[in-house]
Amino acid sequence: MSRSPTRRRALAVVLGAVALAASACASHAPQNTLDAQGPEARYINRMFYPVGLIALVVLIFVSGMVLYCVVRFRARSDDDSPAQIHGSTPLEFTWTIIPLLLMFGVASLSIVGIVHLYRTPKGQPITFVPASAGSPPTVQGEVLDVHVIAHRWWFEYDYPGLGAMQDEFLSPGEATNTALVTANEIHIPAGRQIRLDITSNEPLQSPENKPGEIGPGVIHNFWVPELAGKIYAIPGHITHLNLVADLSKVSDGHPITYYGQCSEFCGISHANMRIRLVAETPHDFAMWVAQQQQTQQSPSAAVQYTNPQAYTGYTLFNGAGTCYTCHTVAGTNAVGRVGPNLTHLQSRQWFAGNILVLDNNNLRDWLRNPQAVKPGANMKIPKLTEDQITALIAYLDTLN
Ligand code: CUA
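A.B. asks: Looking at this structure, how should I read the sheet that holds strand 7 (residues 193-200)?
C.D. replies: Paired through their backbone hydrogen bonds, the strands of a sheet run either parallel or antiparallel. The mixed open sheet is built from five strands, whose spatial order is 5-4-3-7-10. Each edge of the open sheet carries a strand with a single partner, namely strand 5 (178-183) and strand 10 (239-243). Recorded for the sheet is a direction-independent mean angle of 30° between the axes of neighbouring strands. Relative to strand 7, strand 3 (residues 143-151) runs parallel, the two being bridged by eight bridges. Counted as the bridge partner of Val 148 is Ile 198 from strand 7.

A.B. asks: Would you take a moment to explain the domain arrangement of the protein chain for this structure?
C.D. replies: Many structure descriptions define interface size as the accessible area lost when the parts assemble. When the domains of the protein chain are assigned, the result is domain 1 (127-292) and domain 2 (303-396). Scanning the region where domain 1 abuts domain 2 turns up two salt bridges. The residue Arg 337 makes a salt bridge to Asp 158 at a minimum N-O spacing of 3.8 Å. Counting across the interface, domain 1 meets domain 2 through 14 residue pairs in polar contact (both at pLDDT 80 or more). Among the secondary structure elements, those contributing two or more residues to the side of domain 1 that touches domain 2 are strand 4 (154-166), strand 5, strand 12 (274-280) and helix 5 (282-293). Residue contributions to the side of domain 1 that touches domain 2 peak at five residues, all from strand 4. Its residues assigned to classes, the side of domain 1 that touches domain 2 comprises nine nonpolar, nine polar and seven charged.

A.B. asks: Would you explain the nonpolar core in this entry?
C.D. replies: The nonpolar side chains of a soluble globular protein tend to be buried with one another. Grouped together as the largest cluster of nonpolar side chains are 40 residues, with contacts concentrated most on Phe 155, Tyr 157, Tyr 159, Leu 196, Phe 222, Leu 243 and Leu 277. Elements with a contribution of two residues or more to this core: strand 3, strand 4, strand 6 (185-189), strand 7, strand 9 (231-233), strand 10, strand 12 and helix 5. When sequence neighbours within four positions are dropped, the list of residues in contact with Tyr 157 reads Val 146, His 147, Val 148, Leu 180, Val 181, Thr 182, Ala 183, Asn 184, Glu 185, Ile 186, Phe 222 and Ile 275. Counting residues in hydrophobic clusters, the runner-up holds 24 residues, among them Ile 355, Trp 366, Leu 396 and Leu 399.

A.B. asks: I would appreciate a short explanation of the side chain of Lys 374 in the present structure.
C.D. replies: Following the sequence through the fold, Lys 374 ends up in the loop between helix 9 (370-373) and helix 10 (386-396). Setting aside its immediate chain neighbours within four residues, Lys 374 contacts Trp 153, Trp 154, Ser 269, Asn 272, Ala 352, Gly 353, Ile 355 and Trp 366.

A.B. asks: Help me understand the environment of Ser 248 in this model?
C.D. replies: With respect to the secondary-structure elements, Ser 248 resides in the loop between strand 10 and strand 11 (256-261). Along the chain, Ser 248 and Gly 191 lie 57 residues apart, while their C-alpha atoms are 8.0 Å from each other.

A.B. asks: Quick question: what am I supposed to make of the pairing of strand 12 here?
C.D. replies: Regular strands show a simple pattern: their side chains alternate between the two faces of the sheet. In terms of burial, strand 12 is a largely internal element, six of the seven residues being buried. In this structure, strand 6 lies alongside strand 12, joined through five bridges in parallel fashion. Across the sheet, residue Ile 186 finds its bridge partner in strand 12, namely Leu 277.

A.B. asks: Sorry, what's going on with helix 10 here?
C.D. replies: Each turn of an α-helix holds 3.6 residues, which means side chains three or four residues apart point in the same direction. Taken as a whole, helix 10 has its buried residues at Ile 389, Ala 391, Leu 392, Ile 393, Ala 394, Tyr 395 and Leu 396. Check the buried side of helix 10 and you find it contacts helix 7 (308-317) and helix 8 (360-368).

A.B. asks: I'm lost on the packing of helix 8 against helix 10 in this one. Help?
C.D. replies: To characterise two packed helices, one gives the angle between the axes of the helices and the distance between these axes. Running from amino to carboxyl end, helix 8 crosses helix 10 at an angle of 130°, the nearest separation of the two axes being 10 Å. Between helix 8 and helix 10, the interaxial angle falls into the category oblique. In this structure, the crossing between helix 8 and helix 10 has a hand that is right-handed. The residues of helix 10 that touch helix 8, namely those facing Asn 360, Leu 363, Arg 364, Leu 367 and Arg 368, are Glu 386, Ile 389, Thr 390, Leu 392, Ile 393 and Leu 396. Considering only residue class, the contact of helix 8 with helix 10 consists of six nonpolar, two polar and three charged.

A.B. asks: For this particular structure, what's the right way to read empty space enclosed by the protein?
C.D. replies: Following the criterion strictly, the structure yields one cavity of 30 Å³ or more and no others. By volume, the largest cavity amounts to about 40 Å³. Contributing to the lining of the largest cavity are Trp 154, Glu 156, Val 181, Thr 182, Ala 183, Thr 328, Gly 336, Arg 337, Gly 339, Pro 340 and Asn 341. For the lining of the largest cavity, the secondary-structure elements that each account for two or more residues are strand 4 and strand 5. Each of two domains, domain 1 (127-292) and domain 2 (303-396), supplies a minimum of three residues to the lining of the largest cavity.

Calculation notes
Residues numbered from 1 in each chain as written. Predicted model: local features only at pLDDT ≥ 70, side-chain atom pairs only at ≥ 80, totals over all residues. Heavy atoms only, no water. Pairing = 2+ DSSP bridges. Helix = DSSP H or I, 4+ residues; strand = E, 2+ residues; numbered from the N terminus. Axes fitted to C-alpha atoms, helices over the stretch in contact; angles between N-to-C directions. Domains from an automatic or database assignment. Salt bridge = Lys/Arg side-chain N within 4 Å of Asp/Glu carboxyl O. Polar contact = N/O pair within 3.5 Å; in protein donor to acceptor, adjacent residues only side chain to side chain. Nonpolar A, V, L, I, M, F, W, Y, C, P; charged D, E, K, R; others polar. Core = buried A, V, L, I, M, F, W, Y, C linked by side-chain atoms within 4.5 Å. Buried < 20%, exposed > 50% of the residue type's maximum accessible area, 1.4 Å probe, protein only. Contact = heavy atoms within 4.5 Å. Parallel < 35°, antiparallel > 145°, perpendicular 65-115°, else oblique. Left-handed = near helix turned anticlockwise from the far one by under 90°. 1 Å grid on protein atoms, 1.4 Å probe; cavity = no way out; pocket = protein on both sides within 12 Å on 5 of 7 lines; lining within 4 Å. Points joined across faces, edges and corners; volume = space filled by probe spheres on them.

If you want it as structure tokens, here you go:
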């Protein structure tokens, strides 16, 4: 005996509700918008609760009225019909005015919220002061500007003024802007105002493009739920997002990683486009900047004898393997800007759009077949031998 469509539909609703309730019990839910970890996220929650409460009251009232009317005014016989009240002026006024007031209230909250959240932060821009005799590097100022460039499928982060590389945010030929460039993991000093300028590089580097072709590109979306709302990354356009990570959470010296992801469907590996935001004390952030600024030396000729595998990997990376055409390792001949910047790769904990922990086993899986790990990725390489992979990993291991 097969179930009737109605019963099947009811079953689907019940199962859906159970799944929803069960997901609310997750003990490790790092992308919980209700668990605000900074002032912007708390501000959004303060709007969410009153608006949610109003919506809940309306839901209960309307559902209750529907249920009441269904029971109270049900047809008791074929010629039973309720009293007609069409044209009742007081009633029509009531059910127009009340929703109007509610909508006006909700809209006012939203408009005030939008203006507040998208303001341009005031304060001195953060500058980096290198270590000098006896004193560690520091950062000074209140507002850190970070350029976020969405690629299919990973995020690039350029810190203008904090490094020596060209900032991808500017078109080629524009005034030189030296930036610290990194990928996948974004580091920020907690307690400082972070100003993100966000775009998508897609028109230039869409995976579907033939060489030299400029494609239509896609829109991505940057979202770290515990710190701020979400914002589009639009090709040819710059959007802005403000966020602050609570300083009190890292004051014991332990950095905190906040999780996020691209939240606009952008193709087959959309779910593999994750965000890890490392909030740390301003002191640790300054140490990180200082470390990232160090030039990554090309292996000297002596490395052929001390670490022959790494040397072979380096030659492969910058030669027959053609890795250098897509990747940058600052300080070497590798200056490609298609894939993630690999300078100081080993200072990161994750790679490949933050879906894999950075270790040699995962690097091996990735180099064997990137398309199997992140379908559609721009990294389309000929098959490497196991020896070549071992050599490349040995070289990547030296990028501290
Ligand atoms: Cu990028 Cu979804």
